[in-house]
Amino acid sequence: MSVKQPFSICPTQQLPELGKYSFKLLYRGTPRDAILVRFQGEVYGYLNQCVHMPKALDCENSNIFDESGRYLQCSMHSICYDPISGESLSEICLGKKLTALKVKEQDDWIYLVDKRAAITD
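What comes next concerns the included structure. A quick note: this is a predicted structure, and the numbers were derived from the prediction, not measured.

### Notes on the sheet that holds strand β1 (residues 8–11)
For step 1, the next point in the chain: Ordered by their spatial adjacency, three strands build an open sheet running β1-β9-β8, and the pairing between neighbours is antiparallel. A single partner strand is all that each edge strand has here, and the edge strands are β1 and β8 (103–106). Put simply, the sheet's adjacent strands are angled 25° from each other on average, direction ignored.
For step 2, the next point in the chain: In the sheet, β1 pairs with strand β9 (residues 109–112) via three bridges, with the strands oriented antiparallel. Pairing of Cys 10 across the sheet is with Ile 110, part of β9.

As structure tokens, this is what we get:
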């Protein structure tokens, strides 16, 4: 298994507004699923795991945003999150947050720049 430098994830055009891009990474040495989302023109990265139950946010269907397009939403129990902070907006999980990943968009690519994570092939 080799580590790709500088951790390129995907070309910018693969992540439209209110879109998601799924990828795998090593997070603190453990294989995990992750997602990128674009909200209000900015890119955000999170581990793809609901704080309510250890399930992927898109485990039931591929939609990651709720019907309004304002919140990320777990497809299993409809737990909602602020797409910018990852903070849960649902009463059952208030105070909890999705695990954010540091990402940057540059030169028509989106990169992982989080020291806790690596992308491998």
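There is more to say, and it comes next.
### Some words on the pattern of salt bridges
For step 1, the next point in the chain: Tallied over the full model, the rule gives four salt bridges.
For step 2, the next point in the chain: With a shortest N-O distance of 2.5 Å, Lys 20 and Asp 58 are connected by a salt bridge. On the criterion of sequence distance, the pair formed by Lys 20 in strand β2 (residues 20–27) and Asp 58 in the loop between β4 (42–47) and β5 (72–73) is long-range, its members being 38 residues apart.
For step 3, the next point in the chain: Owing to a relative accessible area of 17%, Asp 58 belongs among the buried residues under this scheme.
For step 4, the next point in the chain: Across the pair Arg 38 and Glu 105 runs a salt bridge whose closest N-O atoms are separated by 2.9 Å. Linking Arg 38 in strand β3 (residues 30–39) with Glu 105 in strand β8, this pair joins segments that are 67 residues apart in sequence.
For step 5, the next point in the chain: Arg 38 gets classed as buried once you look at its relative accessible area, which sits at 8%.
For step 6, the next point in the chain: By relative accessible area, Glu 105 is classed as partly exposed at 36%.

### Comments concerning the side chain of Ser 90
For step 1, the next point in the chain: Checked against the element boundaries, Ser 90 lands in the loop between β6 (80–81) and β7 (100–101).
For step 2, the next point in the chain: A relative accessible area of 14% places Ser 90 in the buried class.
For step 3, the next point in the chain: Discounting chain neighbours no more than four positions away, the residues touching Ser 90 are Ser 78, Ile 79 and Cys 80.

### Brief notes about the environment of Tyr 21
For step 1, the next point in the chain: If you trace the backbone, Tyr 21 turns up in strand β2.
For step 2, the next point in the chain: Separated by twelve residues in the primary sequence, Tyr 21 and Asp 33 place their C-alpha atoms 11 Å from one another.
For step 3, the next point in the chain: Tyr 21 has contacts with Ile 9, Cys 10, Gln 14, Leu 15, Ala 34, Ile 35 and Leu 36, leaving out every residue within four places of it along the chain.

### Thoughts on the nonpolar core
Note on soluble globular proteins: their nonpolar side chains tend to be buried together.
For step 1, the next point in the chain: With 18 residues, the main nonpolar core has Ile 9, Phe 23, Leu 25, Leu 36, Leu 101, Ile 110 and Leu 112 as its most contacted residues.
For step 2, the next point in the chain: Take this core: its biggest share by element is three residues, from β2.
For step 3, the next point in the chain: Residue contacts for Leu 25: discarding those within four places in its chain leaves Thr 30, Pro 31, Arg 32, Ala 34, Leu 47, Leu 101, Leu 112, Ala 117, Ala 118 and Ile 119.
For step 4, the next point in the chain: In this structure, Tyr 44, Leu 57, Cys 93 and Leu 98 belong to the second largest nonpolar core, which totals 15 residues.

Criteria and cut-off values
Residues numbered from 1 in each chain as written. Predicted model: local features only at pLDDT ≥ 70, side-chain atom pairs only at ≥ 80, totals over all residues. Heavy atoms only, no water. Pairing = 2+ DSSP bridges. Helix = DSSP H or I, 4+ residues; strand = E, 2+ residues; numbered from the N terminus. Axes fitted to C-alpha atoms, helices over the stretch in contact; angles between N-to-C directions. Salt bridge = Lys/Arg side-chain N within 4 Å of Asp/Glu carboxyl O. Buried < 20%, exposed > 50% of the residue type's maximum accessible area, 1.4 Å probe, protein only. Contact = heavy atoms within 4.5 Å. Core = buried A, V, L, I, M, F, W, Y, C linked by side-chain atoms within 4.5 Å.

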